[in-house]
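Now for the letters of each chain:
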Amino acid sequence: MARRKRKYRKELILIISIIIFIYSIFFDNGNYEFIEEILGKYIQISMQENENIEVKPVNFTDNLYIYFIDVGQADSILIHNKNTNALIDAGNNEDGKLLVNYIKGMGINKINYVFGTHAHEDHIGGLDDIIDNFEIENFYMPDQVITTATFEDILTSLENKQLAFQTPKIGDKYNIGDGILEILNISNNESDINDTSIVIKLIYGNISVMLMGDASKKVESKLLNKNIKSNVLKLGHHGASTSTSTEFLKKVNPKYAIISVGTNNIYNHPTQTILNRLNNQNITIYRTDKNGTIKLISDGNTINFEFEKTNTNGG
Ligand SMILES: [Zn+2]
């Protein structure tokens, strides 16, 4: 019986092949696109299954969570409090799918505020994947038009989702659960694109965090007369010497410094001058190249850190 069944299966495959062959010659002008389409769909499904293997839902408490996600020589910061999420930057182009899987794996499907700090690829590269794959409420970026494929991809994804390209103003505030994000800097017209960076101060209870994008000393000098004192400083421009002036660092006076940076990157970030400057002020340094993804967890009075080597480092 078993042998006969196998024999019939062989014949069935042969008959189906002949039907497909005849169909393709007479009805499809000899092109095999429809077969490729079916095979392509099958391959796509198996790839998606593979990418979704790692699922680690996070049991969020009422605390504030800030994930400085390790995306190599790039930035991506996820903020969560009480069912509200903000994502600031999304790494390079190749980080997009890894980030989507990582954030979805945490159990997050909706992002209330997505910020692209400025139009460089190491900050906005994965944003098109983020827009394509999450329910997004608001999208913000500086209104400086750039003609790169990376930027065009974002505009296409926004259009497909009928999501507006919004540009915040200095002083704008957004609620993240019980936390408040305040825009301290944004510019739509700078010769150095780094200086268009959206700079954000996050206030949660008695703690505050400064997120600098890639803003340089020029921007820092404009912030000196503002209330910038913070417990944590995410350094501007991956620890390059063009950011984090002595004067600025003294005024922010952080206890912790975060540097989002790639292992053995060609720019030699962070520079030794900056590391010395931080050490001279007895600031504890955490770096994504050494610590992996850096997780800040706070109840509004104390700050704790956890670290995780993730698969989000696409380069
Ligand atoms: Zn950068």
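Residues numbered from 1 in each chain as written. Predicted model: local features only at pLDDT ≥ 70, side-chain atom pairs only at ≥ 80, totals over all residues. Heavy atoms only, no water.

Which residues make up the overall build of the chain, and what are the values?
Summing up its helical and strand segments, the chain has 10 helices and 15 strands in all. Counting every position in the chain, which comprises 315 residues, the buried fraction comes to 51%. The long-range share in the chain, meaning contacts at least 24 apart out of those at least 6 apart in sequence, stands at 62%. Taken as a whole, the chain presents about 16100 Å² of accessible surface, with 50% of it coming from carbon and sulfur. (Helix = DSSP H or I, 4+ residues; strand = E, 2+ residues; numbered from the N terminus. Buried < 20%, exposed > 50% of the residue type's maximum accessible area, 1.4 Å probe, protein only. Contact = heavy atoms within 4.5 Å. Areas by Shrake-Rupley, 256 points an atom, 1.4 Å probe, with all protein chains shown as cover.)

Go over the coordination of the zinc ion, please, and point to the residues and values.
The protein atoms donating to the zinc ion are Asp122 (OD), His123 (NE2), Asp214 (OD) and His238 (NE2), with metal-donor distances spanning 2.1 Å. Around the zinc ion, the 4 donor atoms are arranged such that angles at the metal cover 86 to 151°; this shape is classified as irregular. All donor residues of the zinc ion come from one chain, and their arrangement in sequence is D-H-x90-D-x23-H. With a gap of 116 residues between them, aspartate 122 in helix H4 (residues 121-124) and histidine 238 in the loop between strand S11 (232-234) and helix H8 (246-252) connect regions that are remote in the sequence. (Donors = N, O, S within 2.8 Å, 3.2 Å for Na, K, Ca; no water. Tetrahedral: all angles 85-135°; square planar, octahedral: opposite > 155°, others 65-115°.)

I'd like to hear about the nonpolar core, residue by residue, with values.
In globular proteins that are soluble, nonpolar side chains generally tend to be buried together. Counting 32 residues, the largest nonpolar core has Ile130 and Phe139 as its most contacted members. When residues of this core are traced back to their parent elements, those giving at least two are strand S1 (64-68), helix H3 (96-105), strand S4 (110-115), helix H5 (127-133), strand S5 (135-140) and helix H6 (149-161). Sort the elements by how many residues they give to this core and H3 lands first, with 4 residues. Other than its neighbours up to four places away in sequence, phenylalanine 139 contacts Val114, Leu127, Ile131, Ile154, Leu158, Leu163, Ala164, Phe165 and Gln166. The next biggest cluster of nonpolar side chains, apart from the first, holds 30 residues, and it includes Phe115, Leu202, Ile294 and Ile303. (Core = buried A, V, L, I, M, F, W, Y, C linked by side-chain atoms within 4.5 Å.)

Provide a residue-level description of the sheet that holds strand S7 (residues 173-176), including the pertinent values.
If you trace the 7 strands from one edge of the open sheet to the other, you get S7-S8-S9-S10-S11-S12-S13, paired in mixed fashion. Pairing within the sheet leaves two strands with one partner each, and these edge strands are S7 and strand S13 (284-287). Sheet twist, expressed as the mean angle between neighbouring strand axes with direction ignored, is 20°. Strand direction decides the pairing type here: strand S12 (residues 256-259) and S13, joined by 4 bridges, are parallel. Of the residues in S13, the one forming a bridge with alanine 257 is isoleucine 285. Each of S12 and S13 touches helix H9 (residues 272-280); the most contacted strand, S13, lies at about 140° to it. (Pairing = 2+ DSSP bridges. Axes fitted to C-alpha atoms, helices over the stretch in contact; angles between N-to-C directions.)

Tell me about the environment of proline 142, and name the residues and values.
Its location among the elements puts proline 142 in the loop between S5 and H6. Given a relative accessible area of 3%, proline 142 falls into the buried group. Between the C-alpha atoms of proline 142 and isoleucine 186, which are 44 residues apart in sequence, the distance is 6.5 Å. Residue contacts for proline 142: discarding those within four places in its chain leaves Gly116, Thr117, His118, Phe165, Thr167, Ile186, Ser187, Asn188, Thr196 and Ile198.

Explain the pairing of strand S3 (residues 84-88) to me, and be specific about the residues and the numbers.
Of all 5 residues making up S3, 5 are buried, and the element is well covered by its neighbours. Neither face of S3 is exposed, since Thr84, Ala86 and Ile88 on one face and Asn85 and Leu87 on the opposite face are all buried. Here strand S2 (residues 77-81) runs beside S3; their pairing, made up of 5 bridges, is antiparallel. Each bridged residue has a counterpart across the sheet, and for isoleucine 79 the counterpart in S3 is alanine 86.

Please provide a residue-by-residue account of the side chain of histidine 237, values included.
Within the element layout of this structure, histidine 237 appears in the loop between S11 and H8. For histidine 237, a relative accessible area of 19% gives the class buried. Setting aside residues no more than four positions away along its own chain, histidine 237 makes contact with Asn194, Gly213, Asp214, Thr242, Ser243 and His269.

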